[in-house]
Every structure is written in C-alpha cells, then in structure tokens.
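Structural features, examined
Letter by letter, the chains look like this.
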Amino acid sequence: EYLFEGQLCDFEDQSSTDEGRQRVDLIARNQMTSGFFPELKREKNIECGYVLIEIKNYSKDIQIPEISQLALRLQKGRGNCGLLIFRHVSDKKKLFENIHDFYNSRAREAIIIPVSDEDMIAMIKLRAADGTGEVDKYLENIFKKITFHR
C-alpha cells in the first residue's frame, strides 16, 4: 500500500468477482485525478476506476495462464487495468510479448502491467526519494515497453 499511497486506496484482499466464481488477490480503488492510473483513462481509453492485482509467488516464469487469469477479471465497470506482481522472470522479452498480445486482443482497452520484485524495489526507492511522480514515470515506461513492444 505504501508504494501507491495517495493514488490507490480501499484495498480489498481475496475479493470475489463474478458472483463468487472467481477471485482476485487485491482490488484497489483509483482515487487520483492525475498520474499514471487516471492517465490510462484520459489518454489511452483504458478504464481504471479500480486496479486488480494478482500476486504470484512463483520460482518459475510467468506464463500465458497467469496472464489469462488476470485478463479474465478485467472488464469495463470494474476496471481494465491489472497489476501482475511476481518474483522474477528470466525472459522479460517473452513476458512483454505475451502481454502485448493480450493488449492487442482487447482492442487496446485493457492492460496488464507486469511488476517484478526488482521493479517493486526500484519503485519503492523512487517513492521514498521523490514521491509519486517518479513512480508514475516508471509505470509509464513499463506501459510503453508493452504497447510499443520494445
């Protein structure tokens, strides 16, 4: 919560969706009017009233099933932005390709932002030093890598 304090609030853990048929690790409400999350709606047409967060404590790389699990929960009215938090990935290029394919398959109206432990540590350091602005830039950089497939 510290990382997104002032941006995301009302975190709920192990929240049921779709009348209890599915679960998501965390749901957070976007309370900002500026910054990365509101800009998704304003500039990229991605609804972001809520951010759905899946946390994977795996030693193996994130694959398509983990991406699909979160992708199935993203929808208009609930939120089309998901954070996929995980330990490590050995093939970041492959992960970004898979998420890029998802982004295109959803007509660029939904996005999953992959966040490794390394990313989390970097963003926490940025947050401690400079506040939310640098964290927003970091997330935007991840977004660009996915959408422009670099």
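Before reading further, recall that the structure is shown in the block above.
Below, the structure is looked at part by part. Note that this is a predicted model, so its numbers are computed, not measured. (Residues numbered from 1 in each chain as written. Predicted model: local features only at pLDDT ≥ 70, side-chain atom pairs only at ≥ 80, totals over all residues. Heavy atoms only, no water.)

A separate point is helix 3 (residues 92-105). Its 14 residues place the ends of helix 3 20 Å apart at the C-alpha level, agreeing with the 20 Å of an ideal helix rising 1.5 Å per residue. The complete set of buried residues in helix 3 reads Leu 95, Phe 96, Asn 98, Ile 99, His 100, Phe 102 and Tyr 103. Looking at the buried positions of helix 3, the neighbouring elements they touch are helix 2 (64-71), strand 4 (81-86), strand 5 (111-116) and helix 5 (132-147). Looking at the residues trailing helix 3, positive phi occurs at Ala 107, about 55°. (Helix = DSSP H or I, 4+ residues; strand = E, 2+ residues; numbered from the N terminus. Expected span 1.5 Å × (residues − 1). Buried < 20%, exposed > 50% of the residue type's maximum accessible area, 1.4 Å probe, protein only. Contact = heavy atoms within 4.5 Å.)

On to the pairing of strand 3 (residues 50-56). Extensive coverage of strand 3 is indicated by the burial of five of its seven residues. The pairing of strand 3 with strand 4 spans six bridges and is classified as parallel. Residue pairing for strand 4: Ile 53 is matched across the bridge by Leu 83. Following the backbone out of strand 3, through helix 2 and into the adjacent parallel strand 4, one traces a crossover that is right-handed. (Pairing = 2+ DSSP bridges. Right-handed = clockwise from strand over helix to strand, strands pointing away.)

Moving on to the environment of Lys 145. Position of Lys 145 among the secondary structure elements: in helix 5. Along the primary structure Lys 145 and Glu 97 are separated by 48 residues, whereas in three dimensions their C-alpha atoms are 9.4 Å apart.

Attention now goes to helix 5. For helix 5, with 16 residues, the first-to-last C-alpha span of 22 Å sits near the 22 Å given by 1.5 Å per residue. Turning to helix 5, its buried residues are Val 135, Asp 136, Leu 139, Glu 140, Ile 142, Phe 143, Ile 146 and Thr 147. The arc enclosing the buried residues of helix 5, seen along the axis, measures out at 160°, which places them on a common side. Of the surrounding elements, those touching the buried residues of helix 5 are helix 1 (36-44), helix 3, strand 5 and helix 4 (117-130). Where helix 5 terminates, the next one or two residues include His 149, which has phi positive at roughly 50°. (Arc of directions from axis to C-beta.)

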